[in-house]
Structure formats: structure tokens, C-alpha cells
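# Fold and contact review
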Amino acid sequence: MAAELRQVLAAHALRGCEHVIEIGGAGLPITGFLTHRPASVTVIDPKIPAFADETLNGAPCRVRHVAAKLQQVDLAPSAGRLGLVLLGLSLKPYGSAPALGDELLALARRAEVLVIDYALTLERALGQIAPLLAVRDEPATIDVELKLNDPALAEAGFDRRRFLVFDRG
């Protein structure tokens with residue numbers, strides 16, 4: 001339950017976005033936490049069950065859960081207010097493609113709302129946060145450290161986290 005707080009906060013930050021893209025999210029995709037009526041929601045994670053629907057929250061919405069590595073997917077979103085979600089930041093390279101490629105950094109730069117959450121002890125995330133922060137000109141609207149009392153996260157050493165929201169709003 002404590003781990004779900006990240007999705008609740010992210011969904012609240014995204015409520016003005018027409019298009020939502022989540023990288024990761026196989027265990028708990030943002031889709032089920034959104035309360036507004038976006039035009040599209042895409043979740044990309046190699047471990048997520050593939051899913052497609054044309055409605056969300058009783059309204060038309062192109063919902064796609066794509067079971068693929070980030071580097072295998074074209075990230076060109078539709079025009080409109082874009083929200084990008086990176087909860088549990090821990091991207092891995094794919095073949096010769098880097099974990100943080102130019103396409104993802106451009107998407108993070110373009111997003112009106114960027115939500116990032118990462119474990120403060122995860123070295124891979126610590127190496128990825130600086131390039132992501134460097135693409136944003138504005139300061140974070142929300143920048144908090146969380147300690148989640150979740151046994152699984154605590155056992156893995158990932159219960160201490162940083163949660164960031166950038167909103168050009």
C-alpha cells in the first residue's frame with residue numbers, strides 16, 4: 001500500500017495532461033491511478049502484460065501497455081500536453097542502445113509534466129538522474145524524499161526514495 005503512494009501522487013500531477021507516457025510500471029502501471037480523461041496513455045515495460053483499450057474512466061482514450069524495451073518503441077507522442085512518468089527509475093541499455101538515449105532525453109525535455117521517482121541507494125538510478133534533470137530549465141515543483149514502510153522495498157534497500165515533479169503548467 002505504501003508503494004502505491006507514488007502512483008497516486010504521479011496521477012495527481014498528470015491530471016492536466018492529454019497524453020501520458022510511462023516508462024516502466026509493469027508491477028503497478030499508472031493507468032489504474034489516473035482520475036482524469038486523457039486522450040492517450042502508453043505504458044512501456046518489457047515485463048508488462050500487453051493490453052489495449054479505447055476507453056479510460058468512461059471516456060475515449062487510446063490505452064496501450066506495450067511489452068517491450070524502451071529502445072524498441074517509437075516515442076513520438078501526439079500533439080498536446082504531454083506527461084512523462086518514470087517511477088522506479090532504473091533503465092537498462094538494450095543491445096548497443098544506451099539506457100538514456102537522445103530520444104528519451106528529448107521526450108523528457110518536451111514533456112509539460114515530468115514525474116520521476118527513484119531509490120536513493122540504487123546506483124543505476126543515481127547515474128541516470130543527472131542527465132534527466134539537465135534537460136529541464138525550470139526547478140522541480142515537488143522535490144521530496146520519502147521513506148516508504150513497505151517490507152519488500154525495505155528488504156531490497158529501496159524504501160528511501162526521491163520523488164520529483166516538473167510542471168511547466
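You'll find the structure just up there.
Residues numbered from 1 in each chain as written. Predicted model: local features only at pLDDT ≥ 70, side-chain atom pairs only at ≥ 80, totals over all residues. Heavy atoms only, no water.

### Focus on the overall build of the protein
Across its full length, the protein holds 4 helices and 8 strands. For the protein, the N- to C-terminal ordering of α and β elements is α-β-β-β-β-β-α-β-α-β-α-β. A compact globule built from 169 residues should have a C-alpha radius of gyration of about 15 Å, and the protein, at 15 Å, falls within 12% of that. Projected onto its principal axes, the C-alpha coordinates of the protein cover approximately 40 × 35 × 35 Å. Taken across its 169 residues, the protein has 49% of its residues classed as buried. A separation threshold of at least 6 residues defines the contact pool for the protein, and within that pool the share at least 24 residues apart is 58%. Of the roughly 8,300 Å² of accessible surface on the protein, a fraction of 55% belongs to carbon and sulfur atoms. Taking the 18 positively charged and 20 negatively charged side chains of the protein as two groups, their mean positions are separated by 0 Å. (Helix = DSSP H or I, 4+ residues; strand = E, 2+ residues; numbered from the N terminus. Rg over C-alpha atoms; globule rule 2.2 N^0.38 Å. Buried < 20%, exposed > 50% of the residue type's maximum accessible area, 1.4 Å probe, protein only. Contact = heavy atoms within 4.5 Å. Areas by Shrake-Rupley, 256 points an atom, 1.4 Å probe, with all protein chains shown as cover. Lys, Arg positive; Asp, Glu negative; His and termini not counted. Charge placed at Lys NZ, Arg CZ, Asp CG, Glu CD.)

### Describing the environment of alanine 108
In this structure, alanine 108 sits in helix α2 (residues 102-110). Separated by 49 residues in sequence, alanine 108 and alanine 59 have C-alpha atoms that sit 27 Å apart. Every residue in contact with alanine 108, bar those within four places of it in the chain, is listed here: Leu84, Leu114, Leu132, Val135 and Arg136.

### As for unusual backbone geometry
In this structure, asparagine 57 takes a positive phi of about 55° despite not being glycine. Within the secondary structure, asparagine 57 is located in the loop between β3 (51-56) and β4 (59-66).

### Focus: the pattern of salt bridges
Taken as a whole and judged by the stated rule, the model has 9 salt bridges. Of the charged contacts in the structure, one is a salt bridge between arginine 6 and aspartate 117, with a shortest N-O distance of 2.6 Å. Here the residue arginine 6 occupies a position in helix α1 (residues 5-13), and aspartate 117 occupies one in strand β6 (residues 113-119), the gap between them amounting to 111 residues. Accessibility expressed as a relative area gives 10% for arginine 6, which makes it buried. (Salt bridge = Lys/Arg side-chain N within 4 Å of Asp/Glu carboxyl O.)

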